[in-house]
Amino acid sequence: MSSALETLRSGFGGDIIEPGGAEYETASRTVLAGGSPVCVLRPKSVEDVQAGVRYAVDAGLALAVRGGGHSFPGFGTNDGGVVIDLGKLASVEVIDKERHLVRIGGGAVWGQVAAALAPHDLAISSGDTKSVGVGGLTLTGGIGWKVRKYGLALDNLVAVELVTADLEVVRVSEETNPELFWAIRGGGGNFGIVTAFEFAAHPTTDVFFGKITFPATELPTVLQGWADYLRTAPEELTSIVSFANPFAGGREAPVEVQVAFDGDDADLAATAIDPIRGLGTVLDDEVTLKPYADILEEGLVPPPGIQIVARSAFVDKGSVPEVLRILAEAGASERPPIVAIRSVGGAVSRVPDDATAYAHRQAELMFVTTTVGPPPAIEAAQPALEALWRTLAPHVNGAYANFLAAATEDDVAAVYPAGTYQRLAAVKRQYDPANLFAGNHNVRPESTE
Ligand SMILES: Cc1cc2nc3c(=O)[nH]c(=O)nc-3n(C[C@H](O)[C@H](O)[C@H](O)COP(=O)(O)OP(=O)(O)OC[C@H]3O[C@@H](n4cnc5c(N)ncnc54)[C@H](O)[C@@H]3O)c2cc1C
């Protein structure tokens, strides 16, 4: 046994899962990626997290940090390195009832958060899925069902507790450490391991939520009308439109407009949602009043051998009509990707551009193309997908890190425009000069100037 591993074993209070152990097969993989790490550590305390980081450094092993394990590129595992899986640090505690301050363990998932806050009539706008991690989603954005009213998940962050590469435990907030606080709100896991998040939650009632569907033939008009309406719609309304779902008929699948109205007043909800109903021939309308915690979906784990390729971009106001025209055309093509378009703007765009490292505040829309299937199907779809993205390229900008299956230099450049990247790299040089935390859309410490 290596002396680094001996030192780890002597004081580690959590689980150490190694090849051959009963749990290794499940512990080594994430929701979307397999891996073969030397060991998976499941810390139970901040001291365990420090011990895990020390072990990775002493043993000279690559480190992967796992929150909810949902990253598309599979950042939450690796081959031949160490995985620190934060899943046992998942407490959710209301620490200040008046200010709605909530402290959440670094490995919690959003379903746990929504369920724990429901009895307090509180919520945090996060994502749409219960099993997605607070860690990964928040550190690079967080576009959830109340995004137009309350902004990104990271906009509601007040402080974090961070274990850094040199094993310090630092409280990071606007008051204690503004530059690092700027960086962790958008810069992903580049700066250390967040063992606890403190959010300002918002009061919530039940919400009007559900899907309204239209015929595929009405896709172009529904899309343009939807985007025009969302531009001035009440900020209580958040919406995602998706189409070309291969499991519902591909290019003939109905256009699905999901809406979430943040409030339980039926008249106000109807006033906000009716213009969407008026966009075309409604095939189905499933909008009902539901507890916020119930609108989050259970996450699906794809069966072995199924790949998911996700690619995203942002759209500014002037390019919206052309991008929607191109996407509608793609939706009617022979083998379309699944397209999901989210309205952002609202509270997201009111935060100053340089307040956080999330660099896409002025976009009106964020969209994702997703291709799902076994490798031959993914390969067959690739030429059309590349052609689509080439057509889109002059009209879109950037990429949303949380919906990117790849992490090439071009991807990193799309997530972080040059100015943001350089500012992040300066913080990286200070807190992680050896680039220990590299399992992410990586900001390298070297100066690029
Ligand atoms: C089914 C599904 C639904 C989704 N829905 C939404 C949505 O509605 N809105 C949205 O914005 N995004 C959504 N996403 C994208 C999601 O935000 C990203 O996949 C995100 O990276 C997942 O975070 P995670 O903690 O589960 O993943 P992980 O793979 O565990 O982590 C992702 C990255 O974050 C780092 N990380 C995680 N926790 C910590 C921590 N505590 N400290 C330091 N680093 C950490 C990891 O090292 C890794 O680099 C969805 C993804 C899926 C698969």
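Since we're looking at a predicted model, the values are computed, not measured.

Colleague: Now, about the site of the ligand: what can you tell me, with residues and values included?
Modeller: Taken together, 35 residues sit near the ligand, with Gly67, Gly68, Gly133, Gly135 and Gly136 positioned nearest. Looking at the shell around the ligand, the elements with two or more residues in it are strand S3 (63–66), helix H5 (134–140) and strand S10 (193–200). Taken together, the residues of the shell around the ligand break down into eleven nonpolar, 22 polar and two charged.

Colleague: How would you summarise the sheet that holds strand S8 (residues 157–163) if you had to cite specific residues and measurements?
Modeller: The strand order across the open sheet built from five strands is S5-S6-S10-S8-S9, with neighbouring strands paired in antiparallel fashion. The open sheet has two free edges, formed respectively by strand S5 (92–96) and strand S9 (169–173), since each of these has just one partner strand. On average, each strand axis in the sheet is tilted by 20 degrees relative to the strand beside it, whichever way the strands run. For S5 and strand S6 (residues 101–105), the ladder comprises four bridges, and the chain directions are antiparallel. Bridging from a neighbouring strand, Val92 pairs with Ile104 of S6. Helix H4 (residues 110–117) rests against S5 and S6 of the sheet, and its axis sits at about 50 degrees to S5.

Colleague: Please provide a residue-by-residue account of the sheet that holds S3, values included.
Modeller: Across the sheet, four strands lie side by side as S1-S2-S4-S3; this open sheet has mixed pairing. Across the chains shown, the open sheet's two edge strands, defined by having one partner strand only, are strand S1 (15–17) and S3. For this sheet the average axis-to-axis angle between neighbouring strands, irrespective of direction, equals 20 degrees. Summarising the sheet, S3 and strand S4 (residues 82–85) pair through four bridges and their orientation is parallel. Bridged to Arg66 within S4 is Asp85. Sheet strands in contact with helix H3 (residues 46–59) are strand S2 (39–42), S3 and S4, and its direction is about 170 degrees off that of S4.

Colleague: I'd like a rundown of helix H9 (residues 266–277), residues and numbers included.
Modeller: If you check which residues of H9 are buried, you get Ala269, Ala272, Ile273 and Ile276. Down the axis of H9, the smallest arc covering the buried residues is 80 degrees, so these residues share one side. Among the exposed residues of H9, those oriented more than 90 degrees off its buried face are Asp267 and Asp274. Lining the buried residues of H9 we find strand S12 (207–214), helix H8 (219–232), strand S13 (237–243) and strand S14 (255–261).

Colleague: For the packing of H8 against helix H11 (residues 320–331), give the residues involved together with the corresponding values.
Modeller: Across the interface, H8 lies against H11 with an axial gap of 9 Å and an inter-helix angle of 150 degrees. It follows from the interaxial angle that H8 and H11 lie roughly antiparallel. Viewed along their axes, H8 and H11 form a crossing whose handedness is right-handed. Residues Leu219, Pro220, Leu223, Gln224 and Ala227 of H8 form the contact with H11, whose own contacting residues are Val320, Pro321, Leu324, Arg325, Ala328 and Gly331. Taken together, the residues of the contact of H8 with H11 sort by class into eight nonpolar, two polar and one charged.

Reading the values: rules and limits
Residues numbered from 1 in each chain as written. Predicted model: local features only at pLDDT ≥ 70, side-chain atom pairs only at ≥ 80, totals over all residues. Near = placed C-beta within 6 Å. Helix = DSSP H or I, 4+ residues; strand = E, 2+ residues; numbered from the N terminus. Nonpolar A, V, L, I, M, F, W, Y, C, P; charged D, E, K, R; others polar. Pairing = 2+ DSSP bridges. Axes fitted to C-alpha atoms, helices over the stretch in contact; angles between N-to-C directions. Contact = placed C-beta atoms within 7 Å. Buried ≥ 20, exposed ≤ 12 C-beta atoms within 10 Å, placed from the backbone. Arc of directions from axis to C-beta. Parallel < 35°, antiparallel > 145°, perpendicular 65-115°, else oblique. Left-handed = near helix turned anticlockwise from the far one by under 90°.

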